[in-house]
Amino acid sequence: MIELKHIQFSYSKGKKLFDDLDLSIQPGSIYGLLGRNGAGKSTLLKQVCGMLYPDSGECTVFGIESKQRVPQMLQDIYIVPEEFQMPDIKLNRYTKLNSVFYPKFSQELMDSYIKEFELPENEKLSKLSYGQKKKFLIAFGLATNARVIIFDEPTNGLDIPSKSQFRKIIASSLDENRIFIISTHQVRDLENLIDTIVILEQGKIIFNRSVAAISEKLAFEQNLNGYSTEEILYSEEITGKKSGILKNQSGMETRIDLELLFNGVMKNSESINASFNQ
């Protein structure tokens, strides 16, 4: 479990990014962390990893305070960053040098992911395309068997088949003891993968709901003709059609449109959150 309690944090005096931020992240789930640029997503993830320390409050990862940066915690966290530089060495050399920091690392899993992603084992990492490098880091991260894996824009640079492979591998790698956090703007790539949606805006968590709760309480329509304004929680016009979010009156679970949800929460979080209490 990851717990952030009463987190206060600022980059400069007098300008707080987080002001009494609370968040609980449970094992066995894939969390989607959404927000506009500058909302605080990267800063939140750095608090979890112990790369930034709160001014006050506490962040713990499976009971260990993250700012202590003890090996017991660090060997159980892996980050797949959006931006990175790779050394001029072959894939197996990188694996041999870095796997020692992760006691639960599985070479068998690594080999299977390399095969799945069709990565050239005898090529140097520096010579690979951006997408191939990203797939290698995803493979290595999952093979560490770390309990917390953070993906920052994991589908950037991946082609359509690779995105499908990524979703399949992530879904099969999750177990009841692991936490996957995916920070992304590419919501359509991941809307069938994520279990819980957390949306940040200006350092505040304005939405935190499970996919099951969202599909029970909200309905997403691509054509709002025939619906009254009282039924509509959010609407937007695209190519002459009005799409939007409604209260789910059917009693049946609905398919979630993450892009619509994000836009709706950003514009009308109060009404959308209120619908979960009815």
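Residues numbered from 1 in each chain as written. Predicted model: local features only at pLDDT ≥ 70, side-chain atom pairs only at ≥ 80, totals over all residues. Heavy atoms only, no water.

## Let's talk about unusual backbone geometry
In most cases, non-glycine residues show a negative phi, while peptide bonds are predominantly trans. To keep things clear, this is the line we draw: Secondary structure counts use DSSP, requiring at least four H or I residues in a row for a helix and at least two E residues in a row for a strand, with both numbered from the N terminus. Burial status follows relative accessibility: with a 1.4 Å probe on protein chains alone, a residue under 20% of its type maximum counts as buried, one over 50% as exposed, and anything between as partly exposed.
The backbone phi angle of Asn145 is positive, close to 60°, even though this residue is not glycine. Note on placement: Asn145 falls in the loop between α5 (130–143) and β7 (148–152). Residue Asn145 is classed as partly exposed on the basis of its relative accessible area of 24%. One non-glycine residue, Gln202, lies in positive phi territory at about 50°. By the secondary structure assignment, Gln202 is in the loop between β9 (196–201) and β10 (204–210).

## Focus on the pairing of strand β13 (residues 241–247)
This is how the line gets drawn: The pairing criterion for strands is at least two bridges between them, as found by DSSP.
As paired strands, strand β11 (residues 218–221) and β13 are joined by 4 bridges and run antiparallel to one another. Looking at the pairing, Leu218 lines up with Lys247 of β13. Relative to β13, strand β12 (residues 232–238) runs antiparallel, the two sharing 6 bridges. Across the sheet, the residue bridging to Ile238 is Lys241, located in β13. What sits between the antiparallel neighbours β12 and β13 is a turn of 2 residues, in which Thr239 has the positive phi angle 45°.

## Points about the pattern of salt bridges
Operational definition: A pairing counts as a salt bridge when a side-chain nitrogen of Lys or Arg comes within 4 Å of a carboxyl oxygen of Asp or Glu.
Enumeration according to the criterion identifies 10 salt bridges in this entry. With a closest N to O distance of 2.9 Å, Lys104 and Asp76 form a salt bridge. In this pair, Lys104 sits in the loop between α3 (91–98) and α4 (107–116) while Asp76 sits in the loop between α2 (71–74) and β6 (77–80), placing the two residues 28 residues apart along the sequence. For Lys104, a relative accessible area of 40% gives the class partly exposed. A relative accessible area of 10% means that Asp76 is categorised as buried.

## Some thoughts on the sheet that holds strand β4 (residues 56–61)
For clarity, the cut-off: Residue contacts are counted whenever heavy atoms from the two residues lie within 4.5 Å of one another. Lines fitted to the C-alpha atoms define the axes, with helices restricted to the stretch that makes contact. Angles between their N-to-C directions range from 0 to 180 degrees.
Strand order in this open sheet of 4 strands is β2-β1-β4-β5, and the pairing throughout is antiparallel. Each having just a single partner strand, β2 (15–25) and β5 (64–65) make up the two edges of the open sheet. With 8 bridges connecting them, strand β1 (residues 2–12) and β2 associate as antiparallel partners. Residue pairing for β2: Glu3 is matched across the bridge by Ser24. Along the sheet, helix α1 (residues 41–49) contacts β1, β2 and β4; its crossing angle with β1, the most-contacted strand, is approximately 120°.

## Brief notes about α4
Think of an α-helix as 3.6 residues a turn; residues three or four steps apart then line up on the same face. For clarity, the threshold we go by: Summarising the geometry, the arc corresponds to the directions from the helix axis toward the C-beta atoms.
Listing the buried residues of α4 in full gives Met110, Tyr113 and Ile114. One side of α4 holds all its buried residues, which, seen down the axis, span an arc of 100°. Facing away from the buried surface of α4 by more than 90 degrees, the exposed residues are Glu108 and Lys115. Close packing links the buried residues of α4 with α3, α5 and α6 (160–173). With its phi angle positive at about 55°, Glu118 sits one or two positions after the end of α4.

## Description of the side chain of Glu191
This is how it is decided: Counting of polar contacts relies on pairs of N or O atoms within 3.5 Å, with two restrictions inside protein: one atom must be capable of donating a hydrogen and the other of accepting it, and residues adjacent in sequence are counted only when both atoms are side-chain atoms.
Tracing the chain through its elements places Glu191 in the loop between α7 (187–190) and β9. In terms of polar contacts, Glu191 uses its side chain to reach the side chain of Arg255, at 3.1 Å. At 3.2 Å, the side chain of Glu191 and the backbone nitrogen of Leu258 are in polar contact. Other than its neighbours up to four places away in sequence, Glu191 contacts Arg255, Ile256, Asp257 and Leu258.

It is worth stressing that arrangement in space is one thing and function is another; only the former is reported here.
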